[in-house]
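These are the residues of each chain, in order.
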Amino acid sequence: MAEGIKQIKDITVVYSATGANGFIWLQTDMPNAPIQTRFAGALIAGSGRQTAHLDVESTGYDIHGKLVQFVAGPESGGVLQLFSGKIRFRTIGVYLLSGELWKSQPLTLGST
Amino acid sequence: MLWIAREVELVVDTDAPGRFTVSGELPGDHVAPRRSVVFDTTATTPGRRVERFRLPGNFKFQLIQFEFLASGIARLYSGRIFAKPLGAAGAWGWYALPIPPTAEGWQEAALPIEPTPEAWTEAALPILPTPEGWEEAALPIPPTPEE
């Protein structure tokens with residue numbers, strides 16, 4: 001059982017990719033650690049800097065993690081420049097994996 | 001204080017069936033399961049869902065315990081129980097289950113990318129500076145003696 005697990009909503013990256021597309025991978029440790037790629041997005045090549053908004057949640061990916069790591073780079077023959085980026089996330093109350101049990105203390109109701 | 005409870009409500013998202021159990025210590029003075037339900041929100045909706053279930057009509061307790069056993073990934077967002085104290089003037093009310101709260105909104109965090117300044121920074125090229133004035137240098141002519 002884990003508390004403090006983050007759910008990722010989206011990623012916004014300001015970048016410049018020339019010669020070939022770039023890529024960005026979102027890696028997390030949940031479920032089933034170790035850290036591995038849970039989402040792969042493309043940073044489309046163009047002229048000048050541009051903003052990519054990768055909506056992780058609404059594209060069917062349900063990505064959670066306590067540890068989050070990002071990997072970005074150019075495809076073969078390209079040049080990728082990263083200027084800035086951000087993610088949006090929220091903390092889930094209780095996150096359970098298969099077979100895990102959440103159990104409260106025996107409580108008196110006024111104390112909950 | 002003795003309580004009576006009627007209903008439990010959970011906001012939950014499961015990828016497989018999960019079992020939610022409510023335990024109390026009456027009758028018998030030991031905490032034991034009094035109501036257990038299995039549900040699976042994937043059968044109805046891909047996201048979170050509000051699950052409600054009734055408790056036995058004679059369910060009374062001083063101590064109450066909640067547990068949820070997952071058979072796949074499950075997320076508990078919040079929960080509450082509809083209860084009232086017995087023998088007191090208290091009315092029916094909803095009481096929160098001890099599930100850490102899940103924020104309704106989203107937080108932001110910057111990716112660890114070195115910031116790019118908006119302005120340009122100057123740096124001199126490695127070209128030796130040219131002095132504004134003139135320097136003198138003697139021509140390589142041997143001096144002519146005066147005598």
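Rules used throughout
Residues numbered from 1 in each chain as written. Chains lettered and ligands numbered in written order. Predicted model: local features only at pLDDT ≥ 70, side-chain atom pairs only at ≥ 80, totals over all residues. Buried ≥ 20, exposed ≤ 12 C-beta atoms within 10 Å, placed from the backbone. Helix = DSSP H or I, 4+ residues; strand = E, 2+ residues; numbered from the N terminus. Pairing = 2+ DSSP bridges. Core = buried A, V, L, I, M, F, W, Y, C linked by C-beta atoms within 7 Å. Contact = placed C-beta atoms within 7 Å. Nonpolar A, V, L, I, M, F, W, Y, C, P; charged D, E, K, R; others polar. Axes fitted to C-alpha atoms, helices over the stretch in contact; angles between N-to-C directions.

A. Up close: the pairing of strand 6 (residues 64-70) of chain B. Burial along strand 6 of chain B is one-sided: B:Ile64, B:Phe66, B:Phe68 and B:Ala70 are buried, while B:Gln65, B:Glu67 and B:Leu69, pointing the other way, are not. Where strand 9 (residues 101-103) of chain A and strand 6 of chain B come together, three bridges link them in antiparallel fashion. Paired with A:Leu101 across the bridge in strand 6 of chain B is B:Leu69. Where strand 2 (residues 18-24) of chain B meets strand 6 of chain B, seven bridges bridge the pair, whose relative direction is antiparallel. Counted as the bridge partner of B:Thr21 is B:Glu67 from strand 6 of chain B.

B. Spotlight on the nonpolar core. Residues A:Val94, A:Leu96, B:Phe68, B:Ala74 and B:Leu76 are the most contacted members of the largest nonpolar core, which totals 28 residues. Of all the elements in the fold, those that place two or more residues in this core are strand 8 (94-96) of chain A together with strand 1 (3-14), strand 2, strand 6 and strand 7 (74-85) of chain B. Listed in part, the 14 residues of the second largest apolar core include A:Ile8, A:Ala17, A:Leu54 and A:Phe89.

C. The pairing of strand 7 (residues 79-91) of chain A, seen in detail. Bridging between strand 1 (residues 6-18) of chain A and strand 7 of chain A involves 12 bridges; their strand directions are antiparallel. Bridge pairing in strand 7 of chain A links A:Val13 to A:Gly85. Judged from the four bridges that link them, strand 7 of chain A and strand 9 (residues 107-110) of chain B form a sheet pairing that is antiparallel. In the strand pairing of strand 9 of chain B, A:Ile87 is matched with B:Ala109.

D. Quick look at the interface of chain A and chain B. Each partner contributes residues to the interface: chain A has 33 residues there, and chain B has 40 residues. Listed by contribution, the elements that provide at least two residues to the side of chain A that touches chain B are strand 7, strand 8 and strand 9 of chain A. Taken together, the residues that form the side of chain A that touches chain B break down as 16 nonpolar, 10 polar and seven charged.

E. Broad picture of the environment of A:Gln27. All names here are of chain A. Mapped onto the elements, Gln-27 comes out in strand 2 (residues 22-28). C-alpha of Gln-27 to C-alpha of Leu-101: the two residues are 74 residues apart in sequence and 26 Å apart in space. Once residues lying within four places of it in the same chain are set aside, the contact partners of Gln-27 are Ile-35, Gln-36, Thr-37, Arg-38, Gln-69 and Val-71.

F. Region of interest: the sheet that holds strand 9 of chain A. Taken in spatial order, the four strands make up an open sheet running 9(A)-6(B)-2(B)-3(B), and their pairing is antiparallel. Two strands in the sheet have a free side with no partner beyond their single neighbour: strand 9 of chain A together with strand 3 (32-39) of chain B. Ignoring strand direction, the axes of neighbouring strands in this sheet form an average angle of 15°.

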